[in-house]
Amino acid sequence: MLGCDGRGRSTANGGAKGDVHRAISPLRLDLERRTPRHGEPLGTATPCSRSSRPRGCAPPRTPPAPPPPPRPRGRPSSSQLLAQGLGNNTADYARLAAALRDDHGLPAAVVARVSRPDWLRNAAGLVDPNYWRGTLRPRPVLDWYLRRVEEAVSEAKELCSPVCHAKISLIGHSAGGWLARVYMEEFEASDISLLLTLGTPHLPPPKGVSGVIDQTRGLLDYVEKNCSPAVYSPELRYVCIAGRYIQGAPLLGNSVIASDEILAVDTPSEAGEAVMIGTNDKSTPPNATLRARFVGQGYKQVCGRADVWGDGVVPEMSAHLEGALNISFDGVYHSPVGSDDEERPWYGSPAILKQWVHHLLS
């Protein structure tokens, strides 16, 4: 029903329409004020102050911060290099490298390229007079091996992101451990932040012990005297792992039990720490067996004693270095060749790897 006010204007539909018109006027004013002028870039508007801003005028917005640059993907920031022991080849460490990549998230695991016939090159040392004197040096006899390590280091660097200043963890098994020390001394090794050795005979055999012949013909003497001592610091860490698979025994007579208690703590100190980690006890029985006597003779050539614990090839006491984080695993065999993950696990078997791989991740 229509009606009129005192001025003769409609008070029903006509009045509502006028109210709507007045309600949207500020919005139209706001849109007009925000319309870019001629020559003004699109997307900009004249800001309104709080006091003069009409109703409906939005406050000025702070432009969002630019997104961070994308991080490199697909290339790790660290790599691991495996240096094999005497007589071993690249394929012997294929399972260990695969486990590091697939099971522990370390995709840049590289093994130095060495075949078994390559080790015959060491025969060149026979023509060196120092071999017969027992004063042989690693170079030039072992230059071929050091070059393979250098090539593997270059490959490991290429696998890493170039913007991350990648660090390399050098894993040396058996003789590969002390050869890695020679490499670090003779080559550019600033990218190496960790040297982890597995069953490495670091110490030269004692002199003057009856029946002991230095099988390295002076090489370990050279390493001890000329290579940098082991350290455990934020810049460079030495971790030396030994196995206690079997206790040796003298060739004749009863076995003399020689066991030193080792603290079961995994915390390094300034002077290094000894760590004993027990698994399944596969120790030698008290009565010396023929096998224990045979193994004992091998131990004696390395450390001068037969009645000590070791991984079947290298005595525990020779596999540790003063100043390093020293760890011993009970029931661990020396080599991937002849090992069995259940009955005779070696350092790289899955159950043992889980106990030391954190040193590569830290």
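Residues numbered from 1 in each chain as written. Predicted model: local features only at pLDDT ≥ 70, side-chain atom pairs only at ≥ 80, totals over all residues. Heavy atoms only, no water.

**Here we look at the pattern of salt bridges**
Formally: Whenever a carboxyl oxygen of Asp or Glu lies within 4 Å of a side-chain nitrogen of Lys or Arg, that contact is scored as a salt bridge. Numbering of helices and strands starts at the N terminus; helices are DSSP runs of H or I of at least 4 residues and strands are runs of E of at least 2.
By the definition in use, this model includes 11 salt bridges. Linking Glu-155 and Arg-113 is a salt bridge whose minimum nitrogen-to-oxygen distance equals 3.5 Å. Of this pair, Glu-155 sits in helix α4 (residues 143–159) while Arg-113 sits in the loop between β2 (109–111) and α3 (129–133), and the two are 42 residues apart along the sequence.

**Quick notes on unusual backbone geometry**
Cis geometry marks the peptide bond from Arg-139 to Pro-140; its omega dihedral reads 10°. Along the polypeptide, Pro-140 turns up in the loop between α3 and α4. Of note, the phi angle at Ser-174 is positive, near 55°, even though the residue is not glycine. Relative to the helices and strands, Ser-174 is located in the loop between β3 (167–173) and α5 (175–186).

**Digging into the nonpolar core**
Inclusion rule: By nonpolar core is meant a set of buried Ala, Val, Leu, Ile, Met, Phe, Trp, Tyr and Cys residues that side-chain atoms within 4.5 Å join together. Burial classes follow relative accessibility: with a 1.4 Å probe on protein chains only, a residue under 20% of its type's maximum area counts as buried, one over 50% as exposed, and anything between as partly exposed. Note on contacts: a residue pair is in contact if any heavy atoms of the two residues lie within 4.5 Å.
Judged by nonpolar contacts, the single largest core of 37 residues is most densely connected at Leu-81, Tyr-145, Trp-178 and Met-184. Sorting the residues of this core by element identifies β1 (78–83), α4, β3, α5, β4 (192–198), α6 (219–226) and β5 (237–244) as the ones contributing at least two each. Setting aside chain neighbours within four positions, we find Tyr-145 in contact with Ala-83, Gln-84, Val-114, Trp-119, Gly-176 and Leu-179.

**Digging into the confidence of the model for the protein**
In low-pLDDT segments, the atomic positions of the prediction should not be examined closely. Quick note on the threshold: Per-residue confidence from the predictor is reported as pLDDT, which spans 0 to 100.
Averaged over all residues, the pLDDT of the protein is 78; the fraction at 70 or higher stands at 67%. Counting contacts from residues 1–36, a segment whose pLDDT is below 50, to residues more than four positions away or on other chains yields 24 contacts. Ignoring residues within four places in sequence, the model shows residues 256–272, a span with pLDDT below 50, making 34 contacts including any to other chains.

**Considerations on a nonpolar patch on the surface**
The condition that has to hold: Patches here are clusters of residues that have more than 30% relative accessible area and form no salt bridge, with a 9 Å joining cutoff for like charges and a 5 Å cutoff for nonpolar side chains (Val, Leu, Ile, Met, Phe, Trp, Tyr). The Shrake-Rupley method, run with a 1.4 Å probe, gives the accessible areas here. Residue values count only the displayed protein chains as cover.
On the surface, Leu-126, Val-127 and Trp-132 cluster together into a nonpolar patch covering about 380 Å² of accessible area. Examined against the element boundaries, Val-127 turns out to sit in the loop between β2 and α3.

**Some remarks on the environment of Arg-139**
Stated formally: The definition of a polar contact used here is a pair of N or O atoms within 3.5 Å, where within protein one atom must be able to donate a hydrogen and the other to accept one, and adjacent residues in sequence count solely through side-chain atom pairs.
With respect to the secondary-structure elements, Arg-139 resides in the loop between α3 and α4. Overall, the relative accessible area of 36% leaves Arg-139 in the partly exposed class. For the pair Arg-139 and Glu-186, spaced 47 residues apart in sequence, the C-alpha to C-alpha distance is 9.6 Å. Of the polar contacts made by the side chain of Arg-139, one reaches the side chain of Asp-143; its length is 2.6 Å.

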